Amino acid sequence: MNDEKFVEVKNLKKVYDNGHEAIKDVSFSVKKGDLVCLLGPSGCGKTTILNMLAGLLNPTSGDILFDGKSVVNVAPKDRQIGYVFQNYALYPHMTVLQNVMFPLTVGKQKMPKDEARKIAEKYMATTQITELADQKPGNLSGGQQQRVAIARALVQQPKILLMDEPLSNLDARLRLKIREEIRALVKSVGITTLFVTHDQEEALSIGDKIILFNNGVIQQDDLGQNFYLEPNNYFVANFVGNPVIDNFNVKVNGGKITGSDFEINVDDLDKDRFKRDLTDGEYVLSVRPENILPVEEDGAVSAKVDDVELIGRERILKFTHDGGQARSLVNLETPIKPGDNINLKMRLDRVFLFTKEGERVY
Ligand SMILES: Nc1ncnc2c1ncn2[C@@H]1O[C@H](COP(=O)(O)OP(=O)(O)O)[C@@H](O)[C@H]1O
Ligand SMILES: [Mg+2]
């Protein structure tokens, strides 16, 4: 029993036959009963990892352990995995009930029909599709097909549930509703779940923790809030956050950080937040839009507001700075309109400094 590392991936690599290195030395672990999100842009290797966990794809090197035991030589059907594919992969000629029962009626663990039916009905109730039992998948909405795919994955009572972008075919409002339901469902069943998504908000809202990938490499493996507050590098800072983070090119020289029209004393930064010594040179100073705010006084960043976008309770002020667009997130009542000239001040205890290579310095 190894509950802390119920799923453990060690130095996993995958080079496809065409020579493409999709996964480059990835290691992570998942606690028993946790719902972990694998997050990252399209092509970063999320599906490749799920397929290796499921045994549909052999790793080039590295190891995968379930509950402390290596499974790389274990056949997919013996790994006790439930897999919900991106396109659901339901059988169109079968009814919902037949689809959900199917895994119990084939293979070595094949059971009598009425027993299979009982188990299927239990999970159809859990996923709220009981009334759809006799329908064919073609007559169902995306959300309903989704539930059928989940029920079908759960009937075998797998130890681990893999879900590959299960909400990507649903419209926005339904996505919000179903992601809450999926979290509640997997928590009530108590199943260890790896949930793949490219949507940072989805990951932040349902993951016990998030593992963010880019180009087959883990960028950060952490609690959701830390992707905002303590991003490991420039990629993380820019991938997570809505509106996206503001980036300013700066030069550091003689204790001053100089941007295109602002200057900050290095002494005014919080000493404890330095990850390493700040040497003279070129950097990117990044600040989340909620931490660069309009102020009355001069001596801050001055800018002309190009556009004001309303997003619910808040407004995004957009302004051109350093040749690029930057944003300030203010509350709804702030009386600023397009064309206004404003002064902005950054919260220096919340800015980040990255090297040109994207490594975090502050
Ligand atoms: N069978 C394959 N042969 C060669 N390259 C592949 C194959 N499958 C996926 N890839 C490539 O591997 C990378 C990771 O793919 P994938 O795991 O599907 O990413 P994601 O699921 O994060 O979008 C991509 O660059 C993709 O083009
Ligand atoms: Mg994918």
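Residues numbered from 1 in each chain as written. Chains lettered and ligands numbered in written order. Predicted model: local features only at pLDDT ≥ 70, side-chain atom pairs only at ≥ 80, totals over all residues.

(A) A look at the site of ligand 1. The environment of ligand 1 is formed by Y16, N18, H20, A22, G40, S42, G43, C44, G45, K46, T47 and T48. Here the shell around ligand 1 takes three residues from helix α1 (residues 46-54), the largest share from any one element. (Near = placed C-beta within 6 Å. Helix = DSSP H or I, 4+ residues; strand = E, 2+ residues; numbered from the N terminus.)

(B) Molecular detail of the domain arrangement of the protein chain. Annotation of the protein chain at the domain level lists domain 1 (7-238) and domain 2 (244-355). The C-alpha centroid of domain 2 is placed 39 Å from the C-alpha centroid of domain 1. Contacts between the two partners involve five residues from domain 1, matched on the other side by six residues from domain 2. Residue composition of the side of domain 1 that touches domain 2, grouped by class: three nonpolar, two polar and no charged. (Domains from an automatic or database assignment. Contact = placed C-beta atoms within 7 Å. Nonpolar A, V, L, I, M, F, W, Y, C, P; charged D, E, K, R; others polar.)

(C) Structural context of the environment of I210. Residue position: I210 is located in strand β9 (residues 209-214). Sequence separation between I210 and L170 is 40 residues, and the spatial gap between their C-alpha atoms is 22 Å. Excluding residues that lie within four positions of it along the chain, I210 makes contacts with C37, L39, A203, D222, G224 and F227.

(D) Quick peek at the pairing of strand β3 (residues 35-39). By the criterion of burial, β3 is predominantly enclosed, with five of the five residues buried. Side chains L35, C37 and L39 project from β3 onto one buried face, and the interleaved V36 and L38 project onto a second face that is buried too. Sheet topology places β3 next to strand β8 (residues 192-197); five bridges connect them, and they run parallel. Within the sheet, the bridge partner assigned to C37 lies in β8 and is F195. Strand direction decides the pairing type here: β3 and β9, joined by four bridges, are parallel. Paired with L39 across the strands is L212, a residue of β9. (Buried ≥ 20, exposed ≤ 12 C-beta atoms within 10 Å, placed from the backbone. Pairing = 2+ DSSP bridges.)

(E) Layout of α1. Taken across its nine residues, α1 has seven buried, putting it largely inside the fold. Taken as a whole, α1 has its buried residues at K46, T47, T48, I49, L50, M52 and L53.

(F) Inspection of helix α5 (residues 172-189) at higher detail. Its 18 residues place the ends of α5 26 Å apart at the C-alpha level, agreeing with the 26 Å of an ideal helix rising 1.5 Å per residue. Taken from the residues just after α5, G190 is the one with a positive phi, measuring 80 degrees. (Expected span 1.5 Å × (residues − 1).)

(G) Highlighting unusual backbone geometry. In the segment running from N242 into P243, the intervening peptide bond is cis, with an omega of 0 degrees. Along the chain, P243 turns up in the loop between α8 (234-239) and β11 (246-253). Even without a glycine there, the phi angle at D25 is positive, about 55 degrees. With respect to the secondary-structure elements, D25 resides in strand β2 (residues 21-30). Take D25: there are 14 C-beta atoms within 10 Å of it, and that puts it in the partly exposed class. For Q80, which is not glycine, the phi dihedral falls at a positive 55 degrees. Examined against the element boundaries, Q80 turns out to sit in the loop between β5 (69-70) and β6 (81-84).

(H) A look at the sheet that holds strand β4 (residues 61-66). Spatially, four strands are ordered β2-β1-β4-β5 in an open sheet, and the strand pairing comes out antiparallel. Every interior strand has two partners, whereas the edge strands, β2 and β5, have only one. As paired strands, strand β1 (residues 7-15) and β2 are joined by six bridges and run antiparallel to one another. Residue V9 lies in a different strand from β2, and its bridge partner there is F28. Seen against the sheet, α1 touches β1, β2 and β4 and runs at an angle of roughly 65 degrees to β2. (Axes fitted to C-alpha atoms, helices over the stretch in contact; angles between N-to-C directions.)

(I) How the structure looks around the pairing of β11. Alignment of β11 against strand β14 (residues 281-287), held across seven bridges, turns out to be antiparallel. Opposite F248, over in β14, you have L285 as the bridge partner. Bridging between β11 and strand β12 (residues 256-258) involves three bridges; their strand directions are antiparallel. In the sheet register, N253 faces β12, and the bridge partner there is K256. Adjacent in sequence and paired antiparallel, β11 and β12 are bridged by two residues, among which G254 carries a positive phi angle near 50 degrees.

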